[in-house]
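Each chain, letter by letter, is given below.
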Amino acid sequence: MNWYVVYTKPKWEKKVADKLNQLGIECYCPMITQVKQWSDRKKKVETPLFNSYVFVQLPDSERNLVFQVAGVVRYLFWLGKPAVVKDQEIEVIKTSLKAPNLSEVSVSGIQVGDKIKLESGAFSNQNAIVQEVSNNYYILVLEALGCVLKIKYK
């Protein structure tokens, strides 16, 4: 069975994943813990790694079952066909999220177009191409996962 990417309504990732599990559809919604700050407090909050995306694994003939769940918008398409995510890529995401949190990151001498290998963090051992360099963030294209990563630094 293939893994597919389901596009959800904004902020509905957890609800959609729960409902899909209740229907017996295997799904994966990678979550990360972030510290959010309000005017009066700070709080640790679990947020989806990929906004509005949930991965589902089901036979091609049963792909329409996901539309029984409120919050599902459509499948993500690539070159006119539903985007298929390899088992290996899902495993990379799962193992990357188990890595210990970083306490400090230092970056020096990176330029647009450089190919780098991330050495720590949620995406350790992933190859990336530097797409943009700013005063307070980098935008990287992760080759294996085919996604764009924005890294902020102070």
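Residues numbered from 1 in each chain as written. Predicted model: local features only at pLDDT ≥ 70, side-chain atom pairs only at ≥ 80, totals over all residues. Heavy atoms only, no water.

Student: Can you tell me about the overall build of the protein chain, naming the residues and giving the values?
Tutor: When helices and strands are counted, the protein chain shows two helices and 13 strands. On the principal axes, the C-alpha backbone points of the protein chain span a range of 50 × 45 × 25 Å. Within the protein chain, residue pairs in contact and separated by at least 24 positions form 51% of the contacts whose partners lie at least 6 positions apart. If you average the places of the 21 positive and of the 15 negative side-chain charges in the protein chain, the two averages end up 7 Å apart. (Helix = DSSP H or I, 4+ residues; strand = E, 2+ residues; numbered from the N terminus. Contact = heavy atoms within 4.5 Å. Lys, Arg positive; Asp, Glu negative; His and termini not counted. Charge placed at Lys NZ, Arg CZ, Asp CG, Glu CD.)

Student: Help me get a handle on the packing of aromatic side chains, residues and values and all.
Tutor: Taken as a whole, this structure holds five aromatic pairs when the rule is applied. Note on Tyr 4 and Tyr 75: the rings are 5.9 Å apart at their centroids and 75 degrees apart in plane angle, and the pair reads as edge-to-face. Here Tyr 4, found in strand β1 (residues 2–8), pairs with Tyr 75, found in strand β6 (residues 72–75); they are 71 residues apart in sequence, far enough to count as distant. For Tyr 75, a relative accessible area of 3% puts it in the buried group. Ring centres of Tyr 28 and Phe 55 lie 6.4 Å apart, and the angle between their planes is 25 degrees; this geometry places the pair in the stacked category. One end of the pair, Tyr 28, is in strand β2 (residues 26–28); the other, Phe 55, is in strand β5 (residues 53–58), with 27 residues separating them in the sequence. (Phe/Tyr/Trp six-rings, centres within 6.5 Å; stacked < 30°, edge-to-face > 60°. Buried < 20%, exposed > 50% of the residue type's maximum accessible area, 1.4 Å probe, protein only.)

Student: Which residues make up a positive patch on the surface, and what values go with them?
Tutor: On the surface, Lys 11, Lys 36, Lys 150 and Lys 152 cluster together into a patch of positive charge. Along the chain, the position of Lys 11 falls in the loop between β1 and α1 (13–22). Classification of Lys 11 as exposed rests on a relative accessible area of 72%. (Patch = residues over 30% accessible without salt bridge, like charges linked within 9 Å, V, L, I, M, F, W, Y side chains within 5 Å. Areas by Shrake-Rupley, 256 points an atom, 1.4 Å probe, with all protein chains shown as cover. Salt bridge = Lys/Arg side-chain N within 4 Å of Asp/Glu carboxyl O.)

By themselves these figures say nothing about function.
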